[in-house]
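Breakdown of the fold
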Protein chains: 2
Amino acid sequence: MNGRNKEHTAFEIAIVVPRRTFKEGDDICDSVEFLVSELQKVGLILERVTGLADEFIKLAAPLETLGRVAAELQIRKPTYFGMDLRFEWDEVEAFVRQPDGSLFSWCERFRCFHHIIYGIVNRKESVVTLKFEGKEFGWKPGEPLLTMLQSEGVVKQIFPLHDEVKRKWLLRNWALNWRDLTRQPIDEIYSYFGTKIATYFAFLGMYTRWMFFPAAFGLTLQLIDFGSWQFLVLPFFFICITSWAVLFFQFWKRKNSALLARWRKSYPIEVDLGYKVMDTGSSSVQSSVELTKKSGADKRKKAIQRAEWFGHLLRFRNDAIVISSIICLQLPFELAYAHLYEVLVSDVMKFGLTALYLFAIQYFTKIGGKVSVKLIKYESNKSIEYRADSLVYKVFGLYFMQSYIGLFYHALLHRNIMTLRQVLIQRLIVSQVLQKLLENSIPYLKYSYRKYTAVWKKKHECGSSTGKIRLASRVEKEYLKPIYSASIGEEVEDGLFDDFLDLTLQFGMIMMFACAFPLAFSFAALNNIMEMRTDALKLLVMFRRPVPRPAATIGAWLNIFQFLIVMSICTNCGLLICLYDLEGKWRMDPGLAAILIMEHILLLIKFGFSRFVPEEPAWVKQNRVINAAQAQEMCSKQILRSFSGRKIE
Amino acid sequence: MNGRNKEHTAFEIAIVVPRRTFKEGDDICDSVEFLVSELQKVGLILERVTGLADEFIKLAAPLETLGRVAAELQIRKPTYFGMDLRFEWDEVEAFVRQPDGSLFSWCERFRCFHHIIYGIVNRKESVVTLKFEGKEFGWKPGEPLLTMLQSEGVVKQIFPLHDEVKRKWLLRNWALNWRDLTRQPIDEIYSYFGTKIATYFAFLGMYTRWMFFPAAFGLTLQLIDFGSWQFLVLPFFFICITSWAVLFFQFWKRKNSALLARWRKSYPIEVDLGYKVMDTGSSSVQSSVELTKKSGADKRKKAIQRAEWFGHLLRFRNDAIVISSIICLQLPFELAYAHLYEVLVSDVMKFGLTALYLFAIQYFTKIGGKVSVKLIKYESNKSIEYRADSLVYKVFGLYFMQSYIGLFYHALLHRNIMTLRQVLIQRLIVSQVLQKLLENSIPYLKYSYRKYTAVWKKKHECGSSTGKIRLASRVEKEYLKPIYSASIGEEVEDGLFDDFLDLTLQFGMIMMFACAFPLAFSFAALNNIMEMRTDALKLLVMFRRPVPRPAATIGAWLNIFQFLIVMSICTNCGLLICLYDLEGKWRMDPGLAAILIMEHILLLIKFGFSRFVPEEPAWVKQNRVINAAQAQEMCSKQILRSFSGRKIE
């Protein structure tokens, strides 16, 4: 275990087994003892903690164990000479270290852990009989031990553990560090939570920072009276805001690729799992040479092409289902609510209606989410991140309708800016505050409830004589904490879904009605500063440590943001017409024409600007190019030699 | 010269030297004889042809000579096991052959030839004295022989030669093969002319094939009266046309990448030449390892970033100059012409005005082109193709104004569809026919004139007694043919510039005024069929064989086409309003609103469709991915070994 000396390894995974009522001690057939010994055999370091109702096996891995598994998993890692290569334990010096000095990122470590503990397979030819609390069951040859134990209920859960040292550091320097308004220790967040969550916080930080400009602008508009120029101020604001949004997302893309370069993460080679055509044994060079021969390649090409178009068709069908059901089912429902709300006179009735509505949409979104999850299972998406993106688009459609159709209704019906403004304030402030409260209190309540039940049970068992019983171990507390999961379902997305959904809905709200209520940007800026802190606290204090995800961009959300920008150009033009054409007597004469022209210019800005600012900074590109060229240079000759060598054989 | 047995090598390059009046024969100091012997020394095969006024040295290279030079040039070529590697003559079997069976593409061969003949350098330490027609001059040490001879006027020109066998084949099976309307032997065109020209013809063929649909639709609209549905027909046509255009370009991108995959051409790694920061000796692995260390990398990153933004700034300034000069200088000029043309009554005056105008714009575009070429010299563009793209954008702006501003003027002023239609017919037919005639007759006239002068001179010299003198050798005929060059300047673009410009201007004309004149598509389809043949003939018969260019896409023109689609959405909506709102009494009521909504839907189609059809077919992507993965697999371990080996040293 000399690997341990080189690098500190904390306990990072916990396995939960029930606490046994009878101590059987040295019985070798006891399944928990057996599991422990097997885990020790594969080179893991264990620590067993007994909790109130369960026992926890904390796992740590010495660097060498991880390294061997990484080599077995053929994990590709960047090397100092530029190329991404399969990890080899013997050549460990060649591989680039993480920003925090460790060899593997948290995501890679988690993958290795997973592989190790699920890799314990019965290698004997006979069934091994194991016991647990008197019950006996057989471990069949070739079956992973953990899967068997999970299905038998011996292993209750496996979850990643917080690293107390790093968690405290982050708590002090990030979540509770109120002096740095938008600056965050992104590298540390990355090494603690993985790429996807770090990307979210980087985005949130940059978004908030950029938000200060329109917030200040909006505030100025609110405070200062521009006299006779007043009528020009709003269009000017509109143009500035649109340019701001377009530029922001372009610069975000740059920042994203710069971040990836810093984290030494290259875009993964996507091996398409969706197309079942290619699972032939084409791993040897010879067969690939054969494949390039005419007839076989043509046939294969056609098969792939068919699969590709079939996939598009499926995707298209699903999108059509979702869109049509949104339009046919959700739209009438939302309109009915908005209309009823308008028609009703008594406040009590209104309140009742709203309560009923809120109750109904809870179910509505849940059903929608479930249907979407079902639908995407039929799609042949290439990877889990593609699946997640497809889900995001579908569910966002639902939320889009839900959030904005009422606003559109108000805007169109009343053509009255003041009413719209009131509704906006109501939504922005009330919903944001309420949501934040709910978001943060529900997990805490859950945790408290579970803690209470656990303690209560214990008390009940021991009789009430022992006095106060408390949760002694940290790992048990973590076990009782809720999982960081999405509200629509845990299968595809984690809690980031809800956080991003909040951000997009807020963005849509402030952008689409920017001309009606410029002050909204200030609210949003304040809200985002709060959001950063509460999200950080949520992750560090309220939830279990989330399972790391390798996704390197904000994915589908970027496209949704872009879509919202285009929408906002159209709606703001509509708003401006409403604002300036009070008597409804405009023709194609100056005003209307001017606004239409402005709309077209803005659309041009939207689609033109993205050409001016390249998505990848030049230095990132250059690094990539130089590295690739160097690596090529190095191995070119060797590969050729080995090729001709093989041929002679 | 065993390489010659393996593969037939035709004479592909010609060097033109003046025909000497005194035969000096075996004088070793004669520079032409010296050049010939030097060329033979480097392994080229020569044939000398004496023409009327000049002597021609035809060059061919055995495969082995080319191979050695290719290895020296470190040309990267695809191998059978997927990876692009530097060419090595010893491992020639590992490299993928061209579709026509030869090892090197025409573009690679040309590059090798160029390197060979310009690589003849004086390796001695003293100046070698050479004579030519009594004149003496010194060949300094380290100076390329050919550069020196060119500057002394001994070598008049170097140009690529037609390959008579292949040329005849193409003439028979492509240019004069009238049975295949739009089908072309693209692979043969590729191996004869190189990637860029083959891509042009592939585009033209696919464009013409797709054009049949709107042509038929437009014809139907012209011929059939839809009765009471007539008013719905045009909007429907408009929607179909827009979708057609969007889909076409999306599928073209797919086709383009499929073609590249077939030609085994991977996108070249762009090593940025524009940024001067990186020309350090960072070729060794050690130095790159050092560069990744903090301080140096940061400094370098900042320098690159500065250079990047400075480049953007320069480009932006130049674009601003071009746009503002177009708006401030060209727009008033064009409007003045259009207005004067309207105001004048007498036909004679109109004719005179048009003649004057045509004369003026000749100069205008020439000046514009020259200014653009000057401007892009100040830009730090990364490669020659980037430069060409930048030029294309700038010059297209000029032509766009010139071609369409008059039409817009007519459309807006008269709001009369019939007048607009007349102007369109006039422009489409007259200008196309005239242009075609001019395009094809001018080079022929040039050629005839030069041939005539050559023969006349010869006659004059020999006295008129010898009777008829004819151009005996094919190479001399080719020498007298004009070069395939752009009308705006030979430096950056070749003749493809004019051909693409024709296509885009035509596309803009038929798309932007589609609703005014649906029949235009039929004219365009007919015209394109003609265009394919005439362009083929032009290249095969009229011009010298063009210098091959490696560019693999249609580059800037694709963006211009996309821009024209967006423009056409806007203009057609305007046209529809003009058509249906004859009395000008529309408000935001049904009609106007409907058209505006339609416009927005179409814009959505434009920017949404591109997401549905991926630009790269799945099979191309998969090939790429599998190949890359295989190659990585092969060399991963070796590279790691060699790395640790180096470290120990």
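What counts, and where the lines are drawn
- Residues numbered from 1 in each chain as written.
- Chains lettered and ligands numbered in written order.
- Predicted model: local features only at pLDDT ≥ 70, side-chain atom pairs only at ≥ 80, totals over all residues.
- Heavy atoms only, no water.
- Helix = DSSP H or I, 4+ residues; strand = E, 2+ residues; numbered from the N terminus.
- Buried < 20%, exposed > 50% of the residue type's maximum accessible area, 1.4 Å probe, protein only.
- Areas by Shrake-Rupley, 256 points an atom, 1.4 Å probe, with all protein chains shown as cover.
- UniProt positions renumbered as here; feature names shortened; annotations may be inferred.
- Phe/Tyr/Trp six-rings, centres within 6.5 Å; stacked < 30°, edge-to-face > 60°.
- Lys NZ or Arg CZ within 6 Å of the ring centre and 35° of its normal.
- Axes fitted to C-alpha atoms, helices over the stretch in contact; angles between N-to-C directions.
- Left-handed = near helix turned anticlockwise from the far one by under 90°.
- Contact = heavy atoms within 4.5 Å.
- Nonpolar A, V, L, I, M, F, W, Y, C, P; charged D, E, K, R; others polar.
- Patch = residues over 30% accessible without salt bridge, like charges linked within 9 Å, V, L, I, M, F, W, Y side chains within 5 Å.
- Salt bridge = Lys/Arg side-chain N within 4 Å of Asp/Glu carboxyl O.

**Details of the overall build of chain A**
Counting its secondary structure elements, chain A contains 20 helices and eight strands. Out of the 649 residues in chain A, the part that is buried amounts to 52%. Here chain A has roughly 31,100 Å² of accessible surface; of this, 62% comes from carbon and sulfur atoms.

**Focus: the UniProt feature "transmembrane region" (unreviewed entry) in chain A**
Under the feature "transmembrane region" (unreviewed entry), the UniProt entry names residues 189-212, 232-252, 390-412, 507-530, 551-580 and 592-609 of chain A. Secondary structure content for residues 551-580 of chain A is 83% helix and 0% strand, while the C-alpha to C-alpha distance between its ends is 46 Å.

**A look at the packing of aromatic side chains**
Residues and elements named next belong to chain B. In the structure shown here, the tally under the stated rule is 94 aromatic pairs over all chains. Centroid distance Phe396 to Phe400: 6.0 Å. Interplanar angle 45 degrees. Geometry classified as tilted. Separated by four residues within a single helix, Phe396 and Phe400 lie in helix H13 (residues 384-414), roughly one turn from each other. Taking relative accessible area as the criterion, Phe396 reaches 5% and is therefore assigned buried. The side chain of Lys350 reaches across the aromatic face of Tyr341, ending 5.0 Å from its centre. Taking NZ or CZ as reference, Arg544 lies 4.4 Å from the ring centre of Phe159, over its face.

**Regarding the packing of H13(B) against helix H16 (residues 496-512) of chain B**
Residues and elements named next belong to chain B. Here H13 crosses H16 at 35 degrees, and the two axes come no closer than 11 Å. In terms of crossing hand, the pair formed by H13 and H16 is right-handed. Contact with H13, carried on its side by Val392, Val395, Phe396, Tyr399, Phe400, Ser403, Tyr404, Leu407 and Phe408, involves Phe497, Leu501, Thr504, Leu505, Gly508, Met509 and Met512 of H16 and no other residues of that element. For the contact of H13 with H16, the residue count by class is 13 nonpolar, three polar and no charged.

**Things to note about a nonpolar patch on the surface**
All names here are of chain A. Nonpolar side chains collect at one region of the surface, where Leu219, Leu223, Ile224, Phe226, Trp229, Phe231 and Leu232 lie side by side and expose about 740 Å² of accessible area between them. Looking at the nonpolar patch, the elements that each hand over two or more residues are helix H8 (195-223) and helix H9 (230-262). Note that Leu232 resides in helix H9. The class for Leu232 is partly exposed, based on a relative accessible area of 40%.

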